[in-house]
Amino acid sequence: MRRWNGWGDEATIYPLPDSAARYLADLVGDGPRLEDVSLAQAVAAVGTSRLSAHPLLSSDPEDRLRHARGQSLPDWVALRSGRIETFPDGVAYPTSDEDVRALLDYARKVGAKVIPYGGGTSVVGHVNPVPGEAPILTMDLSRMNRLLEFDETSRLAIFEAGVAGPEIEKQLNARGYTLGHFPQSFELSTLGGWIVTRSSGQQSYHYGRIENLFAGGHIETPIGGMDLPAHPASAAGPDLKQILLGSEGRMGVVTRAVVRVRRVPVREKFLGYFFHDWESGTAAVRAIVQAGLKVSMLRMSNAMETATTLALAGKENLIRTADRGLRLLRYGDGRSLLVMGITDETGNDNIWQGTKGEAGHIIRTHGGLPTGTTIGRMWKKSRFYAPYLRNTLWEAGYSLDTLETAVPWSQVAATAGEAQKAIRAGLADPSTGSGQASGERVLVFAHLSHVYNDGASIYITYLYRRANDPDETLRRWHVLKDAASRVILAHGGTISHQHGVGADHAPYLAAEKGPLGMRALEALRGTFDPDCMLNPGKLLEK
Ligand SMILES: Cc1cc2nc3c(=O)[nH]c(=O)nc-3n(C[C@H](O)[C@H](O)[C@H](O)COP(=O)(O)OP(=O)(O)OC[C@H]3O[C@@H](n4cnc5c(N)ncnc54)[C@H](O)[C@@H]3O)c2cc1C
């Protein structure tokens, strides 16, 4: 059963080793043990539905609660404290284009707003109902989850858009293929959600971001349906797929998508390397990318992330022994870990050995120390398990959140450094807030998560203590988020490399797009949804 107020399956627990608890207490202080509201208490707070009955609609209070929020930190605060302002008035589960059309027609007739809902894994407030007079209908697409066609010759597959990551891979793997789109939320997020948030999987360097994988499809809008033909390439004017990508449920409901698939790799390895510091590791990563080497992933953690990852894994004795060995080799406090993936679909030994050899050479010339496959295997094993730690940390009294951007290589060091500095100091100064946060320490660390010839995305994780008052926990989050977002914009970074805009990033979007850009987006939204029925308040302010 899915957790109603946190990440993932209720039965999966990520325990916090004692040594990890001590590590966090040393860095930010002991977390307070605070009671969360129960499911029964939260359900009891769901009000009467304002929607009239419809055969596709559930107005069950628990259903409405379970669709009221996503996975952002403000969402967690709301769910765990029971302070959920607004609930959808009903949740519909369409199973076909006809159902989606019928629901849009019904919503227009009764004056309802419609929130398309994939896996509800948004971390920026995408699926939250906005308070207002109009009733709210959440359209959960999870029952539209079938593989409709598979064209092996063209390596194209057509899926219904509500299909989640594991089902996509199950269907494709059975035929010897893969989509290769592995966001950390893979377990629950859906194809439609990926497309409209411009998602990026962990091995996007090899497989491509979702915009590279999305070849065409179909959307239903309040004014009618639209097909997006799957051409291998086209010069027939602007690409309408690009309008849908990143549209965040504002321009229509994606009902099916054509995706580009590849053969399941014949071999794959994730290798670990230590560098003396993040700067030399980053330089090596850039050199590998700019040399055009066919690796599949380059995840370059900074020193604090390296230390924290090892500490949270427990295994004190192993870490102590490794620490002694690394120090002897002069990999000291600044040591930073790279996990590099190599993926081979061809079985061609020359390419495999050549890539490994050339990447290894670049790494060694930048002072990198190969450690084999153990660390890489550990990373692979926990790639979708790691988010469960957030549940445990919350219960131990800590709020954990992440943010990300992408900048050109020339801005990577400054942006990463200053954003982390702003977050680290964000709660230290009593004059920046109510005073309750005075002296609070913040643990912050970063890694390069996605790399390109011209730049990289920087993924920052931060952790601070929850306050007794949920509003204060939220206020701390606002202070940190705003401080980091300002640094990102000052460096010309994008406000989102992969999580999208939603409600949380909407105030910062105009700085990136400019007035004319915002007008163009508004006009597009108005074309597809003239009555502003779909997911108001997300991406665009209205
Ligand atoms: C632990 C965790 C790890 C994450 N890791 C990554 C990561 O590695 N990479 C990454 O890119 N993201 C990541 N995310 C963010 C999130 O998973 C993505 O934004 C994902 O694409 C959302 O998909 P979803 O199906 O859950 O969409 P939802 O959260 O349900 O919805 C997101 C938005 O898409 C719209 N929408 C959903 N389906 C449709 C549809 N069929 N038609 C029209 N609109 C639709 C909704 O209205 C909403 O605006 C992570 C999130 C969490 C919680």
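Whatever comes next refers back to the structure up there.
Below is a short write-up of the structure. (Residues numbered from 1 in each chain as written. Predicted model: local features only at pLDDT ≥ 70, side-chain atom pairs only at ≥ 80, totals over all residues. Heavy atoms only, no water.)

## What to know about the overall build of the protein chain
- The secondary structure content of the protein chain amounts to 19 helices and 18 strands.
- By the compact-globule yardstick of 24 Å for 542 residues, the protein chain fits well, its C-alpha radius of gyration being 23 Å.
- Of the contacts made within the protein chain by residues no fewer than 6 positions apart, 76% connect residues no fewer than 24 positions apart.
- Total accessible area on the protein chain is roughly 22400 Å²; 53% of this is exposed by carbon and sulfur atoms. (Helix = DSSP H or I, 4+ residues; strand = E, 2+ residues; numbered from the N terminus. Rg over C-alpha atoms; globule rule 2.2 N^0.38 Å. Contact = heavy atoms within 4.5 Å. Areas by Shrake-Rupley, 256 points an atom, 1.4 Å probe, with all protein chains shown as cover.)

## A short note on the site of the ligand
- Around the ligand, the surrounding shell holds 35 residues, and the nearest of these are P116, G118, T121, S185 and T190.
- At a separation of 2.6 Å, an oxygen atom of the ligand approaches a polar backbone atom of P116.
- The separation between an oxygen atom of the ligand and a polar main-chain atom of G118 is 2.7 Å.
- Across the complex, the protein chains shield 97% of the 960 Å² of accessible surface that the ligand would expose by itself. (Near = heavy atom within 4 Å. Polar contact = N/O pair within 3.5 Å; in protein donor to acceptor, adjacent residues only side chain to side chain.)

## Comments concerning the side chain of T255
- Residue placement: T255 occurs in strand β10 (residues 253-260).
- If near-sequence neighbours (up to four positions away) are discounted, T255 is found in contact with D97, V100, M144, F159, E160, A161, H218, I219 and E220.

## Notes on the sheet that holds strand β14 (residues 336-344)
- With antiparallel pairing, the 7 strands of this open sheet are ordered in space as β15-β12-β14-β13-β17-β18-β16. Edge strands, defined here as strands with exactly one partner in the open sheet, are β15 (369-370) and β16 (398-408).
- As paired strands, strand β12 (residues 267-275) and β14 are joined by 9 bridges and run antiparallel to one another. Bridging across to β14, F274 finds its partner in L337. (Pairing = 2+ DSSP bridges.)

## As for the packing of helix α17 (residues 409-424) against helix α18 (residues 470-490)
- Packing of α17 against α18 leaves a shortest axis separation of 8 Å and a crossing angle of 160 degrees. Taken together, the axes of α17 and α18 are roughly antiparallel relative to one another. Of the two possible hands of crossing, α17 and α18 adopt the one that is right-handed. The residues of α18 that touch α17, namely those facing T415, E418, A419, A422 and I423, are L480, A483, A484, V487 and I488.
- Partitioning the contact of α17 with α18 into residue classes produces 8 nonpolar, 1 polar and 1 charged. (Axes fitted to C-alpha atoms, helices over the stretch in contact; angles between N-to-C directions. Parallel < 35°, antiparallel > 145°, perpendicular 65-115°, else oblique. Left-handed = near helix turned anticlockwise from the far one by under 90°. Nonpolar A, V, L, I, M, F, W, Y, C, P; charged D, E, K, R; others polar.)

## Some thoughts on α18
- The first and last C-alpha atoms of α18 sit 30 Å apart over 21 residues, in line with the 30 Å expected at 1.5 Å per residue.
- Residue D469 occupies the N-cap position of α18, its side-chain oxygen lying 2.9 Å from the main-chain nitrogen of D471.
- Backbone geometry just downstream of α18 places G492 in the positive-phi region, at approximately 75 degrees. (Expected span 1.5 Å × (residues − 1).)

## Section: unusual backbone geometry
- In this structure, K315 is a non-glycine residue whose phi angle is positive, near 35 degrees.
- Structurally, K315 can be placed in the loop between α12 (303-312) and α13 (316-328).
- Residues other than glycine seldom take positive phi values, yet N535 does so here, at roughly 45 degrees.
- Here N535 lies in the segment after α19 (506-528).
- Judged by relative accessible area, which is 2%, N535 ranks as buried. (Buried < 20%, exposed > 50% of the residue type's maximum accessible area, 1.4 Å probe, protein only.)

## Let's talk about the pairing of strand β13 (residues 297-301)
- Where burial is concerned, most of β13 is hidden: 4 out of the 5 residues are buried.
- Examined bridge by bridge, β13 and β14 share 4 bridges and lie antiparallel to one another. Among the inter-strand pairings, R299 is bridged to a residue of β14, identified as V339.
- Note: β13 against strand β17 (residues 443-451), 2 bridges, orientation antiparallel. Paired with M300 across the two strands is L448, which belongs to β17.

## Describing the sheet that holds strand β9 (residues 224-228)
- Pairing in this open sheet of 5 strands is antiparallel, and the strands run β5-β6-β10-β8-β9 from one edge to the other. The open sheet has two edge strands, β5 (147-151) and β9, and neither has a second partner. In this sheet, neighbouring strand axes are inclined to one another by 10 degrees on average, regardless of whether the strands run parallel or antiparallel.
- The pairing of strand β6 (residues 156-160) with β10 spans 5 bridges and is antiparallel. Across the sheet, L156 pairs through a bridge with R260, a residue of β10.

## Some points on the pattern of salt bridges
- Tallied over the full model, the rule gives 34 salt bridges.
- A salt bridge links R50 to D89, with the nearest nitrogen and oxygen atoms 2.9 Å apart. Separated by 39 residues along the polypeptide, R50 in the loop between α2 (39-44) and β1 (57-58) and D89 in the loop between α4 (73-81) and β2 (90-92) bring together distant segments of the chain.
- What makes R50 partly exposed here is its relative accessible area of 41%.
- The buried category is assigned to D89, whose relative accessible area is 2%.
- For the salt bridge of R256 with D227, the shortest nitrogen-to-oxygen distance reads 3.9 Å. Placement of R256 in strand β10 and of D227 in strand β9 is noted, with a sequence separation of 29 residues between them.
- A residue is classified by how much of its surface remains accessible, and D227, at 52% relative accessible area, is exposed.
- Overlapping salt bridges bring together D36, R80, E395 and R466 as one network. (Salt bridge = Lys/Arg side-chain N within 4 Å of Asp/Glu carboxyl O.)

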